[in-house]
Amino acid sequence: MYAVLLAAGRGTRMRPLSASRPKPMLPVADRPLLAHTARAAVDAGADELVLVAHDADALRAHFGETFAGVPVTYAVQEERDGTAGAVRAAAPHLDGPFAVINGDNLYDPASLADLFDGGPAVGTYRVDDPSNYGVYSVDGERVTGVVEKPADPPSDLANAGAYVLPAAAREMLDVEMSERGEREFTDVVAAVVEEFDVRAVPFERWLDVGRPWELLEANEWKLGELSRDVRGDVHPDAELSGRVVVEAGATVRAGSVIDGPALVRAGATVGPNAHVRGATLVGPDAKVGHSVEVKNSVLMAGATVGHLAYVGDSVLGRDVNFGAGTKVANLRHDGQPVKLTVKGERVSTGRRKFGVVCGDDAKTGINTSLNAGVTLDTGAHTTPGESVTRDR
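(A) Layout of the nonpolar core. In terms of nonpolar packing, the biggest core is built from 38 residues, with L49, L59, F63, L112 and L115 touching the most fellow members. Here this core takes 7 residues from helix 1 (residues 33-44), the largest share from any one element. Not counting residues up to four positions away in its chain, the partners in contact with L49 are A3, L5, A38, A41, V42, F67, V70, P71, V72 and T73.

Structure (structure tokens):
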């Protein structure tokens, strides 16, 4: 079966992390988010992948012409005309029934395999607040309708962004623009529901990785699946416990403690006397330096937290540099969930503990204090001793 993976979205809710690369190429554990999705599709039974992007070269550099033993084809979405437009770009490469999968979602392969087992079918997932998603109405296992982000949802069954559709669906892709100025693929699905019996497949595990705290959650999921593997240079006086991976070329110096799940990627250094804990990714060539504590965070490639600092429940982009003594707050005094700015509005993360989000090349002066829920934009700077309580 062909599996079309959609990777052409703007990723505006993930800014500033997605400002300089496609959101599906953000790191989740040891690979880009899209690579997890592609692997789940192959494990579920896809025998050819079609990746849709605005810049196919950015994907080709990672996926090549084959991935996990199956051929990969690239389709370019020339216009930003929504998910239906993305599938329309892939249509010339398809033959027969096909699957469509959001490239910025995480899936468990068993649920995708159930979806692939018999189409037409759509993936569903029960959520507490379905108004943020496309929502299905069902009669038993049969889908009776789908509506995009309704004010009054007909059910709690969110659209999991995974579909198996008949070949005839390729003739239904030229839908009208929605109020959001996009051609919505949910309108295509609605047309398929009108003509075919469509099966609703409940997914056991699913995550829509649209906002920075969901990238943190995605890493918690995938880092939690690691098996211990220590191939890098670990000092005899360092202590590693639990599911810890230290890749070849990484260094863990004397006096450091790493409590898994944690992944220290090639070229990265930890210590001396550092503490890494929680579900933490220390990306390629990143640095966790002397007497630094990092808890439940993502440090992307080249990010440096060099001296006497604390980083908790945060996401640091590429080549971020925290000056000595930088501290991150990750807990509100009133115990309420931390809020973060998404597309200009303060939105609850739903997390009692959440720190900061720093875009690529952001830098802090020594002894900077960063309040919970602060975002530093790409290239933003702080001054020595500054207390940052608003986005920069």
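(B) Seen up close, the side chain of T73. Position of T73 among the secondary structure elements: in strand 6 (residues 70-76). A polar contact is formed between the side chain of T73 and the side chain of E48, at a distance of 3.3 Å. Each residue touching T73, except ones within four places of it in the same chain, is listed here: E48, L49, V50, L51 and H93.

(C) How the structure looks around the sheet that holds strand 22 (residues 269-270). A sheet is described by the order of its strands in space; here 7 strands give the open sequence 16-19-22-25-28-31-36, paired in parallel fashion. Both edges of this open sheet fall to strand 16 (233-234) and strand 36 (363-364), since each of them pairs with a single strand only.

(D) Geometry of the sheet that holds strand 30 (residues 315-316). Strands sit in the order 15-18-21-24-27-30-35-38 across an open sheet of 8 strands; the sheet is parallel. In the strand order of this sheet, the two ends are held by strand 15 (229-230) and strand 38 (375-376), each with one partner. Here strand 21 (residues 262-264) runs beside strand 24 (residues 280-282); their pairing, made up of 3 bridges, is parallel. Note that in strand 24 the partner of A262 across the bridge is T280.

Definitions and cut-offs
- Residues numbered from 1 in each chain as written.
- Predicted model: local features only at pLDDT ≥ 70, side-chain atom pairs only at ≥ 80, totals over all residues.
- Heavy atoms only, no water.
- Core = buried A, V, L, I, M, F, W, Y, C linked by side-chain atoms within 4.5 Å.
- Buried < 20%, exposed > 50% of the residue type's maximum accessible area, 1.4 Å probe, protein only.
- Helix = DSSP H or I, 4+ residues; strand = E, 2+ residues; numbered from the N terminus.
- Contact = heavy atoms within 4.5 Å.
- Polar contact = N/O pair within 3.5 Å; in protein donor to acceptor, adjacent residues only side chain to side chain.
- Pairing = 2+ DSSP bridges.

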